[in-house]
Amino acid sequence: MRYLDPKNDLTFKKVFGEHPHILKSFLNAVMPLAEGKKIVSLEYLPAELVPEIPMFANSIVDVRCIDEKGQQFIVEMQMAWTDSFKNRMLFNSCKAIVTQLEKGSHYSTLQPVYALAILDATFDDSASYYHHYQIISEQSSNRVLEGLEMVFVELPKYDSKQTKSLKEAWLWFLKDAGKNTVAPAIIAKTPEIAKALQLAEESTYNPAQLEMYDRYWDHVSRERTLKEESFAKGELKGKAEGKAEGKNEALELMIASGIPEDSARRILKL
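Please read all numbers here as calculations on a predicted model, not as lab measurements.

Further remarks concern the packing of helix α2 (residues 20–30) against helix α6 (residues 191–199). Their axes nearest at 9 Å, the elements α2 and α6 cross at an angle of 125°. What the angle tells us is that α2 and α6 run oblique. α6 is crossed by α2, and the crossing has left-handed handedness. On α6, the residues touching His-21, Ile-22 and Ser-25 of α2 are Glu-192, Lys-195, Ala-196 and Leu-199.

See the structure below:
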């Protein structure tokens, strides 16, 4: 049995965007929801158009839903990291709060918004792969402004060999199912993940869908190459500018020490 990679746009949306019971299991496992805030049922909301990130137009997957309490959830799969993506997630989350308030409504009717970003990339040097953000008082960490929470999961940092909990099982599915490795024992005991694996089976997709699947990876590969080339050019430019600045400083010091300017310039090759 061969499985398609769940991180692909086509597979991700088929698994999480068409089966609310699977998405419910996923969110309850991965998001830091207290017992009273666990999702009992949910329905999908239409994805809203938001500004695209330069160089990454083809790397974002968006699934939005609302549960029976009115809590909203935004789930995105990002194949490469950029600081603009963090701003995009914040924009999406705040917009989901603002658009709840109809004319004449009271602020007390606002429901929490949770944003989850699954990243096939890393964005910091810490060992942690799970980053939970809230609005917390600087004076007292137990004082939290309710209403907005964001979670970023760096899949490359997750050690799938340690899969034991339901949260870890879902992360194994996202990271390793497409590699067709042996599934952890917990997968067979979790109906929702077992079903997700069935939905990722290559044999359930027609030739046109498989072509879309391959085309998506081509887009991602081109975007990553573009990003790497842009960063490399920026690094070279920075080094060149830094080298020139250093030589100018050295020239000033040499002149100040009594060396004639024309001699100093020859020494520094300016």
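Contact geometry of helix α1 (residues 9–16) with helix α4 (residues 166–176) gives a least axis separation of 12 Å together with a crossing angle of 150°. As far as their axial angle goes, α4 and α1 are roughly antiparallel. Of the residues in α4, those touching α1 at Phe-12, Val-15 and Phe-16 are Trp-170, Phe-173 and Leu-174. Its residues assigned to classes, the contact of α1 with α4 shows six nonpolar, no polar and no charged.

Time to look at the pattern of salt bridges. On inspection of all chains with the given rule, the structure shows eleven salt bridges. In this structure, Asp-9 and Lys-13 form a salt bridge, with 3.5 Å as the shortest nitrogen-oxygen distance. Of the two residues, Asp-9 and Lys-13 both sit in helix α1, four residues apart, roughly one turn of that helix. Take Asp-9: its relative accessible area is 21%, and that puts it in the partly exposed class. Owing to a relative accessible area of 36%, Lys-13 belongs among the partly exposed residues under this scheme. Here the salt bridges share partners, and the residues they tie into one network are Asp-67, Glu-68 and Lys-69.

This part takes up the nonpolar core. Formed by 45 residues in total, the largest nonpolar core has its most connected members in Phe-16, Phe-26, Leu-27, Leu-116, Val-153, Trp-170 and Phe-173. In terms of nonpolar packing, the next biggest core, distinct from the first, is built from 13 residues, Phe-85, Val-113, Leu-119 and Met-150 among them.

Take the environment of Lys-38 next. Structurally, Lys-38 can be placed in the loop between α2 and β1 (42–45). When the C-alpha atoms of Lys-38 and Gln-71 are compared, they prove to be 9.9 Å apart, with 33 residues separating the residues in sequence. Apart from the residues lying within four places of it in its own chain, the contact partners of Lys-38 are Asn-28, Leu-33, Glu-68 and Lys-69.

Let's shift gears to unusual backbone geometry. At Asn-180, a residue that is not glycine, the phi angle is positive and equals roughly 55°. Within the fold, Asn-180 resides in the loop between α4 and α5 (185–188). Among the residues examined, Asn-180 registers a relative accessible area of 31% and is labelled partly exposed.

With that out of the way, let us pick up the packing of aromatic side chains. Summed over all chains, the structure comprises 17 aromatic pairs. Taken together, a centroid distance of 5.1 Å and an interplanar angle of 15° make the contact between Phe-73 and Tyr-114 stacked. One end of the pair, Phe-73, is in strand β3 (residues 72–78); the other, Tyr-114, is in strand β4 (residues 113–119), with 41 residues separating them in the sequence. Owing to a relative accessible area of 2%, Tyr-114 belongs among the buried residues under this scheme. Between Tyr-216 and Trp-217 the ring centres are 5.4 Å apart and the planes differ by 65°, which places this aromatic pair in the edge-to-face class. By the ring-pair criterion, three or more aromatic residues cluster together here, those being Phe-12, Phe-16, Phe-26, Trp-170 and Phe-173.

Within the secondary structure, Trp-172 sits in helix α4. Relative accessible area serves as the criterion here: at 3%, Trp-172 is assigned to the buried category. Note: C-alpha distance between Trp-172 and Pro-184 (twelve residues apart in sequence) is 8.3 Å. Residue contacts for Trp-172: discarding those within four places in its chain leaves Tyr-158, Ser-160, Thr-163, Ala-177, Thr-181, Val-182, Ala-183, Pro-184, Ile-187 and Leu-197.

All right, on to α6 then. Three- or four-residue spacings in an α-helix give side chains the same orientation, since the helix completes a turn every 3.6 residues. Among the residues making up α6, those that are buried are Ile-193, Ala-196, Leu-197 and Leu-199. Across the axial projection of α6, the buried residues extend over an arc of 160°, all falling on one side. If you follow the buried residues of α6, they end up packed against α1, α2, α4 and α5.

Attention shifts here to the confidence of the model for the protein. Here the protein averages 85 in pLDDT, while 86% of its residues score no lower than 70. The least confident element of the protein is helix α8 (residues 261–268), whose mean pLDDT is 73; the most confident is α2, at 96.

Calculation notes
- Residues numbered from 1 in each chain as written.
- Predicted model: local features only at pLDDT ≥ 70, side-chain atom pairs only at ≥ 80, totals over all residues.
- Heavy atoms only, no water.
- Axes fitted to C-alpha atoms, helices over the stretch in contact; angles between N-to-C directions.
- Helix = DSSP H or I, 4+ residues; strand = E, 2+ residues; numbered from the N terminus.
- Parallel < 35°, antiparallel > 145°, perpendicular 65-115°, else oblique.
- Left-handed = near helix turned anticlockwise from the far one by under 90°.
- Contact = heavy atoms within 4.5 Å.
- Nonpolar A, V, L, I, M, F, W, Y, C, P; charged D, E, K, R; others polar.
- Salt bridge = Lys/Arg side-chain N within 4 Å of Asp/Glu carboxyl O.
- Buried < 20%, exposed > 50% of the residue type's maximum accessible area, 1.4 Å probe, protein only.
- Core = buried A, V, L, I, M, F, W, Y, C linked by side-chain atoms within 4.5 Å.
- Phe/Tyr/Trp six-rings, centres within 6.5 Å; stacked < 30°, edge-to-face > 60°.
- Arc of directions from axis to C-beta.
- pLDDT = per-residue confidence, 0-100.

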